[in-house]
Amino acid sequence: MKVLRPGTLGEARALIARPGHVAVGGGTVLQLGWASGATPPEALVDLSRLGLGDIAASADGGLTIGAAATLADIENDPQLSDTAPLLARAVRDIGAPGIRRLATLGGQIGWGAGCLLPALLALDARVFAAGSTDPVDMPLADWLAAPDGLVLSVTVPPQAPDATWTWRKIGLRAAFTPSVIAVAGLRSEASAALGAGGGPVPPRRLPVSEAAVAEGPEALRLALEAEIEAPDCIHRTGRYRARVAAAALTRGLFGTPRAPAAETSLKVPAAEPPPEGLRSLEGGPGGPEWHPRPDGRAKITGQAGYLTDARAPDMLVGRILRAGRPHARILSLDTSRAETLPGVAAVVTHADVPGLNAFGIMWQDQPALCHDVIRYEGDPVAAVAAVDEATAETALQAIEVVYEDLPVIASPAEALAEDATRLHQGGNLAAGFDLERGDVEAGFGAAAHIVEATYVTPRQMHVFLETEGGWCAPGDDGTLTVAVGGQHGGRDREQLARILDMPEERLHVITSPTGGGFGGKDELTVQPALALLALKAGRPVRLHLSRAESVLAGVKRNPMTIRMKTGCDADGRLLAQEVELVADCGAYASLSPAVAETALEHALGPYLAPALKTSGRLAYTNNGVGGAFRGFGANQMTFAIECQLDRLAALTGLDPVEIRRRNLRRPGMPGLMGHKVAGSERLAEMLAAAAASPLWSARAGPDGDPEGTGMALNFQGNGLGSLPQDDGEGELRLAADGAIEIASGLDEMGQGLATALQAVGAARLGCARSDIRPVYGDTQAAPDSGSTSASRGTFAAWSIARGAAPGFAEKVLALAADLTGVEATSLRLVPGGVAVAGTNSDAPIARFADLARHAGTALPRQKTAFAFPKTDYTDGNARFIHCYGATLARVAVDPVTGEVRLRALEMHTAAGPVIDLAAYLGQIEGGLIQGLGLTLTEDTLFREGRVLTTNLDAYMVPSIRDVAPSLRVTALEDLDADDPWGPRGVGELGIGAVTPAIANAVAAAIGGWPVAAPFSPEAILELATGSAAA
Amino acid sequence: MADVAMNVNGEAVRAELPDNTLLVDFLRETLGLTGTHVGCETSQCGACVVHLDGEAIKSCSVLAASVAGRAVTTIEGLADGDALHPMQAAFNAHHGLQCGFCTPGMIMAGVDMVRRYRASGEALDEAAIRHELEGNICRCTGYHNIVRAIDAAAKAM
Ligand code: FES
Ligand code: FES
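Residues numbered from 1 in each chain as written. Chains lettered and ligands numbered in written order. Predicted model: local features only at pLDDT ≥ 70, side-chain atom pairs only at ≥ 80, totals over all residues.

**Q** I keep staring at the nonpolar core and nothing clicks. Help me out?
**A** Proteins that are soluble and globular tend to have nonpolar side chains buried together. All names here are of chain A. Core analysis: the largest hydrophobic core is formed by 396 residues, its most contacted members being Leu-86, Ala-245, Leu-530, Leu-533 and Val-1002. Sort the elements by how many residues they give to this core and helix 26 (residues 793–820) lands first, with 14 residues. For Leu-530, the contacting residues outside a window of four places in its chain are Gly-318, Cys-472, Val-482, Val-484, Val-541 and Leu-543. (Core = buried A, V, L, I, M, F, W, Y, C linked by C-beta atoms within 7 Å. Buried ≥ 20, exposed ≤ 12 C-beta atoms within 10 Å, placed from the backbone. Helix = DSSP H or I, 4+ residues; strand = E, 2+ residues; numbered from the N terminus. Contact = placed C-beta atoms within 7 Å.)

This is how it looks when you write it as structure tokens:
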């Protein structure tokens, strides 16, 4: 593709008349097109040198806007808000600031799909263009119908000052969103002008509806619903588009009589004081507990050393060939053409795998490179390493694979059907779990109230901002360094050793820092292909997945369908609970069986019932690969049980706090499996904290939309559980430069491991945080501490410090004694070095650097080992240590669109002492917002085994405008007097109960519970109209 | 191929590039300035935000050749030697980051908005900061500390 930059209009016109030549303004949507598979044109004709960017008053008192004026120019034009306030308002909803600075008006028009068009249409904008033969001056609507030539400017007449006007862009999230539909309208005594468009909706004036305006709001609404031509897309139906557009325009032009408040039978809990010791966590510099991140400076200066940022002159670029089809047999695979391309250094296939061509944390069922069967679109078939990206891409295309497509298993139901095609030798049932305790039938028989619902949770994607990747380099001595962001270097090494048939000692695995993990980098990602390439090429190779490839290849949260039937007596006491879980495993096991089991561990939430029956089925499908994701199944089940409790509250006339209080398990009771659990349970306290929340009595917002407050409790296990091996090692050591290193094989993914290591080290030793250098994420530099998952990092770090500190301190003091002549027993560690004990002075008599120098090569070091405490249960997996939380949400439901807007989120937590305030808060806040995404906007959509939401323009993570303007986090930090297990990890606590808190808040607002997350506005509208709210 | 010359972080740079080279690839691959990140291919995430003649833009959505002759500043060019830019310092002080991958883009967007609002005399209040950050995704923090950091930096700048 060429980029041409004509200097005159004449040249420009001549160029764009040629075939394959496309005019561009800011060019902001071009890449979007290529990313979704469109072929780039032969040439881009860049119009930026033509001028054409002026905005000036027009003869009729309006504005003439040059085609090259950017949307930001328009937004900032001082006259616009007087001349055309509708346009001034609309332009702020297009793209985002960094886009508006590039995107031009001409581009919006030339593209023909910009969501600004409805506003321009309603304002009777005219286009002035250099037509193919003559200059053109015509209404925008006519030009859009038959574009002719190059748009030079657009004239927007002055907006009638007496006109009522409205603008509404409805999107998939609160800001920077593709349009579901955008509408603009003006109404005055004499006339009306209406426009609709945006996204897949063709931009149009709406003449029939304009004529109906005179007949009043209801006639207008009906006319609009009939006239707006709106197709379905993967996210919304055409019917929804037309319906909300009609409602938005009608409401905007006529105002709407208030919908009567919903008849919700949910009671508000009585106010009560919060539990003693609960404190609000307030962040901010200056406080004694607020410490900067040890890795902060590197990250804010662009020097953090992410493994995908490594560049070296001799580094090759690797790429992976993905199957691109959900289920197929490989008939032949020919790489010969790719191998001979100039610039290609290595091509690898399954034939190059020296060891076991399979990986998987639990079971090794996932091929490093496929040899016979493809089981999902992202399955890797081959990989290449070449001198640059373009050559690697060409080489990928030169690989010839012949496939025979096989029947696609697109859902667990299909997978479990009797005659289903088998995806794995053992069949499609990846795992099954059944439990029955007490007499469920008798329980339901005796129940005064029974509620039953089927809850659905999405295939959430981790969307770590740094996609999977890194580099790999063979050493001269037969070693191999693999540097790819991960969550457990030791296990990655073990898996790679098996695949490469290489002793572990020869593998050096680096896994930190990484730009986010959330469970999605727990399993191997690109390491096998990358390692094979580096070995074959004999040179360093780097490889970084594009977002699109990451979407295709990476693990996702297992979608779950949970049918739950819950019965209680007239007083709200639970009598029976029946749970049927069906989960989508995807193509390979990864950690999905453990996820499903964890979900079932939460089948009764933190409540008691005499009878319980659960069944779980995890089925292989061709829908990508499922696996670990923050919450690990617990949050899905919590969604179901916590909504059931509120439904029963409504039926029994109890408030949400009271019904929970009546059913809450009590400290010291066995866990769900009858297993022993650690003390320091704080469920009653969390419930009390929720009861005390000011959100119950929050006042409704000024727009009068229905609002509600909801709550949910949760608990989250720490550690891998009773079955898997769950231990590790760590070390304290004095480095030659005088830094005290605390070394652990855990990973820094952003969660604050480095901070935690510093904090626990300093607290145990008595030195300053700044004396401590955390060392992590590198199998050569730190011992294996197990995985950075399952909220286990906090316990691991705390155990390492606790275990190693006494021995290490003793060695350091002995060294200090030797240096200073003061007896070791009279010395102690202080910030900066060693001081004399028993004096008031903290001034060190020997600094750590002095001690290191004195030690020479005999630097003190102390290793320690720890084992995660486990419960006695071994018939299945269960957790021993937990943390507890209560989440409250305040929401408003938009009666026009069915969108749920978060007004406030509050979370109360009990996880033992907070070892670092900023990290703790960060985990809770980040978890809450990731949970918000799962609840309202996020789902990786599949059809027939193919991903539909291929990139971040279709997969909607929460933008800054989606998060609650008010967010409050509290902590209750005390542990039971005899609790030896220290601070609990809160990496997963925050995400645990957001979904049910929001669902219950929605029910409080509109009287019905959404059951399928993400809650579709369409379903919410149905719920709202199905209840009393009209 | 296009002969592209521009000023990056105060230095004149020049290279022969395929016409369709995106600015972000020119920065990362040709110049090795990997502080500017790529988080998507769809202009969504904002990890790639740099300054073009002082204004924040998404460097994944412009061609290098289209901005020939202009001045680009990346995260690497923001600090004055060892002295952090007040926006950088504020992100550090307020924990406006976790994994840090979005941070360069956030910081560049933050600097730009403070300057622009200052120049126009408008108040950069919390609502304005949130509006300005609509095009920057952070997956780790929940955004609150980012807003606080920009607010604090606005006062310090
Ligand atoms: S890389 Fe995502 S917006 Fe540029
Ligand atoms: S800090 Fe990780 S994406 Fe923002």
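**Q** Before we go on, may I ask you to explain unusual backbone geometry in this structure?
**A** A negative phi angle characterises most non-glycine residues, just as the trans form characterises most peptide bonds. Residues and elements named next belong to chain A. Following Ser-512, the chain continues into Pro-513 via a peptide bond in cis, with omega recorded as -5°. Tracing the chain through its elements places Pro-513 in the loop between strand 24 (507–510) and helix 19 (527–537). With a phi close to 50°, Asp-501 is a non-glycine residue in the positive phi region. With respect to the helices and strands, Asp-501 occurs in the loop between helix 18 (489–500) and strand 24. Notably, Phe-518 is not glycine yet its phi reads approximately 55°, a positive angle. Here Phe-518 shows up in the loop between strand 24 and helix 19.

**Q** When you look at the packing of helix 11 (residues 217–227) of chain A against helix 12 (residues 238–254) of chain A in this model, what are you seeing that I'm missing?
**A** Packed helices, taken two at a time, are described by the angle between their axes plus the distance between the axes. Residue and element names in this part refer to chain A. Contact pair helix 11 / helix 12: the axes reach a minimum separation of 8 Å and the direction vectors enclose 150°. One way to sum up the angle between helix 11 and helix 12 is to call them roughly antiparallel. Helix 11 and helix 12 meet at a crossing whose hand is right-handed. Of the residues in helix 12, those touching helix 11 at Pro-217, Leu-220, Arg-221, Leu-224 and Glu-225 are Ala-242, Arg-243, Ala-245, Ala-246, Ala-247, Leu-249, Thr-250 and Phe-254. Counted by class, the contact of helix 11 with helix 12 contains 9 nonpolar, 1 polar and 3 charged residues. (Axes fitted to C-alpha atoms, helices over the stretch in contact; angles between N-to-C directions. Parallel < 35°, antiparallel > 145°, perpendicular 65-115°, else oblique. Left-handed = near helix turned anticlockwise from the far one by under 90°. Nonpolar A, V, L, I, M, F, W, Y, C, P; charged D, E, K, R; others polar.)

**Q** What is the right way to read the confidence of the model for chain B from this model?
**A** The predicted coordinates should not be examined in detail at positions where pLDDT is low. Of all residues in chain B, 100% attain a pLDDT of 70 or more, and the chain-wide mean is 96. Per the prediction output, this complex has pTM 0.97; the corresponding ipTM is 0.98. (pLDDT = per-residue confidence, 0-100.)

**Q** I would appreciate a short explanation of the interface of chain B and chain A in the present structure.
**A** Reports of interface size often rely on the accessible area that becomes lost once the parts have come together. Taken together, the contact pairs 59 residues of chain B with 63 residues of chain A. Mapped onto the side of chain B that touches chain A, the elements with two or more residues apiece are strand 4 (55–58), helix 2 (86–93), helix 3 (103–120), helix 4 (126–132) and helix 5 (144–156) of chain B. By residue class, the composition of the side of chain B that touches chain A is 26 nonpolar, 24 polar and 9 charged.

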